[in-house]
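One-letter residues, chain by chain:
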Amino acid sequence: MATAKIQNSAYKKALLLVGSLLVLFLLFSLRNLDPILYPTVYAEDAVWTGKVIDHGFWNTAFHTRVFPILGFAVFYKIALVLLDFFCNGNLFYLPLIYFILSNIFFSLCVLAGYFALRNLLSRSSLVCLLLAMVLMPVGLDGNEIYGRLLNLGFIFPVLQVLLLSALLLNKQSIPLAIVVMVTALLSCLTLPVGVGVQVIFGIVCVYNGFKNKSRYFYSLAAFSVAIVLASMIAISGNAIHDSGGADFPVKASALIEFALARVLLYPVLFSIYHHLNDIVVIAVVICLLGVMFYAAKGFFNNGKIIIDKRLLAILFVWASFGIYYLSIVVMRRGLSSLFFDYTVTFPDRYFLGLNILFVVALLMLLDKTVFAKIICVILVAPMLLSVGKTFELGKPATKFSSSPLWTAEYCNYLFAEKDSGDGLLVSIPPENWVFHSESYSLTMEQRQTFQQRCKLSNLYSMPLLGKLVPPVLVQRNATADMGQLPVLGVVSVHNVAITALENGFSARVSGDDPYIVFGTHKTQSMQAHAAFHFSVASPVPTQFQAYYLMKNEPDYAEQNSIHFPVLKGENPLYLNANDTVSPDLIRIDLPDGRRDEFIFTGVKTSLVE
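Now for a description of the structure that goes with this document.

Quick notes on the rules
- Residues numbered from 1 in each chain as written.
- Predicted model: local features only at pLDDT ≥ 70, side-chain atom pairs only at ≥ 80, totals over all residues.
- Heavy atoms only, no water.
- Helix = DSSP H or I, 4+ residues; strand = E, 2+ residues; numbered from the N terminus.
- Contact = heavy atoms within 4.5 Å.
- Phe/Tyr/Trp six-rings, centres within 6.5 Å; stacked < 30°, edge-to-face > 60°.
- Buried < 20%, exposed > 50% of the residue type's maximum accessible area, 1.4 Å probe, protein only.
- Lys NZ or Arg CZ within 6 Å of the ring centre and 35° of its normal.
- Salt bridge = Lys/Arg side-chain N within 4 Å of Asp/Glu carboxyl O.
- Pairing = 2+ DSSP bridges.
- 1 Å grid on protein atoms, 1.4 Å probe; cavity = no way out; pocket = protein on both sides within 12 Å on 5 of 7 lines; lining within 4 Å.
- Points joined across faces, edges and corners; volume = space filled by probe spheres on them.
- Nonpolar A, V, L, I, M, F, W, Y, C, P; charged D, E, K, R; others polar.
- Disulfide = S-S within 2.5 Å.
- Axes fitted to C-alpha atoms, helices over the stretch in contact; angles between N-to-C directions.
- Parallel < 35°, antiparallel > 145°, perpendicular 65-115°, else oblique.

**Here's the deal with the side chain of Ser327**
Secondary-structure assignment places Ser327 in helix 15 (residues 309–329). Setting aside chain neighbours within four positions, we find Ser327 in contact with Val193 and Arg332.

Written out as structure tokens, the structure is:
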């Protein structure tokens, strides 16, 4: 009977764990659906994936930067293995796999916070922490973070600190302790700040082992020494001077804004960030230090400090936060040059992990004091009031529509008449970045199978999310979801000189703000989903911008537009508009400041009647 009850309890815990993971995954997914609604692979995610394909896992992990990027390489390798197993290696689904892995990792971090601190924090503080981890504000740059892998390097130290705290607060089973230590090693070999965290943890374990005569803590200390030594061997001596891509001049006038307002206090002050100034920020810091000093007095009894496991865990977390904070503020001090008068928060991905760790440390210190619930309200209330902006769904503040769809570019490769021998080359965001794998190749059978998927659509088929897909997409190949392809005609032009040709026209920019307005030719006006095909021959690589009118909207707007690249030479283009768009007046802006001639074919030059 007792055995049955234990088994039933274990099943309930397993179901609760899986259910919690699914709910958290859904919440993090809703923070940014753009990676799967407009499939793209961002920046280093694409570049380093190409390196894994070309040079292998270990070379990528240990020879890409002056310090290892093992955690990233693990994710990229997992993604490629999953694609091989489930999709026969079809990279069409790479953005989707990265989206899933990213949000699983964020979800696991929240569960780690609950696991580590559930017996330490009061219920209100624990709920506050979990909500803050899910709703943490990230300025305008959520599309660089959620659903992407490249930001996870800054989150690894958070996961490391939380899991190591669990080992300090409660004796864990040997298998679980090993998992935690492997995760810590992975963190150290992904972002060097993890090494500092592990050193602090080792010191605390030595103290605990000496104080309690505990082989458990001595063993953890020994593991920590091994991890630190292994990490120091793997990390280049030049890493200490590496600015992590932030090699800008220091801007002294923005140091308070950068080091205190954005890096430290943003979770508390994000809702009024753009109204701050240096004096207010310094005043808030002084008040916060006073509150923290008051909380610290609780660890003294008759003038003597009470050293227990709670205090040691708090000291460990604060020391870890301090190391992480200095690594950003000192080693990446050049980021201060990006800040100006509290108008920007970019690059938010650098600060998310540190912001989470600050909240963890603050709640651990203030819990059990009169200020605990006050700080929870100050933290969480603005986050709850901002959920409309936090959950960006398919409309992120930062769009990557100036880059082509990863899926469309991959399909172009699949339909190429012959293999160029250069491997796979795909344009990716940000602008002028590319994914390039020289060794990537497919068998004829794979190519033919993957082409069948491309013929259906360049988008993923996802129930319930169809309405969130961008209203207009620009593709380079026809897909089955396009249906009829009506002929376009020129409605009007602005500062563009056009000359009729046999199957189109030439267009030469003649002034500022040049554009051409297209409409369906003659009686082919479309009232629902529409797709249009035409070609543009360009003498230079450049970029066009397509504006579209939403139904019942009188004028064009910047948010209702999409940038798309135009390569040198012939560019077959397909404009795919859904049923929320009025397809009769599509405006295409040509590049300003040039007098190049573009040849449009497949377009009538007579005005629409």
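Next comes the rest of the write-up.
**Describing the packing of aromatic side chains**
Within the structure shown, the criterion is met by 43 aromatic pairs. A ring pair is formed by Phe28 and Tyr146, whose centres lie 6.0 Å apart and whose planes are at 25°; its orientation type is stacked. With Phe28 in helix 1 (residues 2–31) and Tyr146 in the loop between helix 7 (123–135) and helix 8 (156–169), the pair connects residues that are 118 residues apart, well separated along the chain. You can call Phe28 buried: its relative accessible area is 1%. With 5.8 Å between their ring centres and 65° between their planes, Phe201 and Phe316 make a pair best called edge-to-face. Of this pair, Phe201 sits in helix 10 (residues 193–212) while Phe316 sits in helix 15, and the two are 115 residues apart along the sequence. Summarising the burial analysis for this pair, Phe201 and Phe316 share the class buried. Through a chain of ring-to-ring contacts, three or more aromatic side chains come together here, namely Phe505, Phe518, Phe534, Phe544, Phe564, Phe598 and Phe600. Over the aromatic face of Tyr413 sits the side chain of Arg447, whose NZ or CZ is 4.9 Å from the ring centroid. Arg587 extends its terminal NZ or CZ atom over the ring of Tyr515, reaching a point 4.3 Å from the ring centre.

**Overview of the pattern of salt bridges**
Considering all chains together, one arrives at 5 salt bridges under this definition. A salt bridge links Arg349 to Glu144; the shortest N-O distance between them is 3.8 Å. With a gap of 205 residues between them, Arg349 in the loop between helix 15 and helix 16 (352–366) and Glu144 in the loop between helix 7 and helix 8 connect regions that are remote in the sequence. Both residues of the pair, Arg349 and Glu144, count as buried. Of the charged contacts, one joins Arg587 and Asp589 as a salt bridge, the two residues approaching to 2.8 Å between their closest N and O atoms. Residue classification places Arg587 among the buried positions, given a relative accessible area of 13%.

**Some details on the environment of Phe598**
Of note, Phe598 is situated in strand 15 (residues 597–601). Along the chain, Phe598 and Val536 lie 62 residues apart, while their C-alpha atoms are 6.5 Å from each other. If we skip the residues at most four places from it in the chain, Phe598 touches Phe505, Ser506, Ala507, Val536, Ala537, Ser538, Pro539, Thr542, Phe544, Leu590 and Pro591.

**Digging into the pairing of strand 15**
Only one face of strand 15 is covered, namely the one carrying Phe598 and Phe600; the face carrying Glu597, Ile599 and Thr601 has none of its residues buried. Relative to strand 15, strand 8 (residues 504–509) is paired through 5 bridges, and the arrangement is antiparallel. Considered in strand 15, the bridge of Arg508 is made with Glu597. Pairing of strand 10 (residues 530–538) with strand 15 involves 3 bridges; the strand directions are antiparallel. The residue of strand 15 that forms the bridge with Ser535 is Thr601.

**Observations concerning empty space enclosed by the protein**
Following the criterion strictly, the structure yields 3 cavities of 30 Å³ or more and no others. If you add up the space inside the largest cavity, you get close to 100 Å³. What lines the largest cavity is a set of 15 residues, and nearest its centre among them are Pro404, Val474, Gln475, Phe564 and Pro565. Going through the elements one at a time, helix 19 (406–415), strand 5 (472–475) and strand 12 (561–566) are the ones with two or more residues in the lining of the largest cavity. Looking at the lining of the largest cavity, the element that brings in the most residues is strand 12, giving 4 residues. Split by residue class, the lining of the largest cavity holds 9 nonpolar, 4 polar and 2 charged. Taken as a whole, the second largest cavity encloses approximately 40 Å³ of empty space. Lining the second largest cavity are Pro35, Thr40, Val41, Tyr42, Asp45, Pro95, Tyr98, Gly147 and Arg148. Partitioning the lining of the second largest cavity into residue classes produces 5 nonpolar, 2 polar and 2 charged.

**Here we look at the state of the cysteines**
By the definition in use, this model includes 1 disulfide. Linked covalently through their sulfurs, Cys411 and Cys454 form a disulfide whose S-S length is 2.0 Å. Where Cys411 bonds to Cys454 through sulfur, the torsion about that S-S bond is close to -85°, and the disulfide is left-handed. Taken together, the residues span a long stretch of sequence, with Cys411 in helix 19 and Cys454 in helix 20 (residues 444–456) at a distance of 43 residues. In this pair, the class of Cys411 matches that of Cys454, namely buried. The closest cysteine sulfur to the non-disulfide-bonded Cys109 is located on Cys188, 15 Å from its own sulfur.

**Some remarks on the sheet that holds strand 11 (residues 542–550)**
Overall, mixed pairing links the 6 strands, which are arranged 12-11-14-9-6-16 in an open sheet. The outermost strands of the open sheet, each flanked by one partner alone, are strand 12 and strand 16 (603–604). Where strand 9 (residues 515–520) lies against strand 14 (residues 581–589), 4 bridges are found, and the strand directions are antiparallel. Bridging from a neighbouring strand, Tyr515 pairs with Asp589 of strand 14.

**Here we look at the pairing of strand 9**
Within strand 9, 6 of the 6 residues are buried, leaving the element largely enclosed by the surrounding structure. When strand 6 (residues 488–494) meets strand 9, the two strands line up antiparallel, connected through 6 bridges. Note on strand 9: the bridge partner recorded for Val493 is Ile516.

**Digging into the packing of helix 14 (residues 278–296) against helix 16**
Direction vectors running N to C along helix 14 and helix 16 enclose 45°, while the axes themselves pass 9 Å from each other. Between helix 14 and helix 16, the angle falls in the class oblique. Residues Leu288, Val291, Met292, Ala295 and Ala296 of helix 14 form the contact with helix 16, whose own contacting residues are Phe358, Leu362, Leu365 and Leu366. Broken down by class, the residue content of the contact of helix 14 with helix 16 amounts to 9 nonpolar, no polar and no charged.

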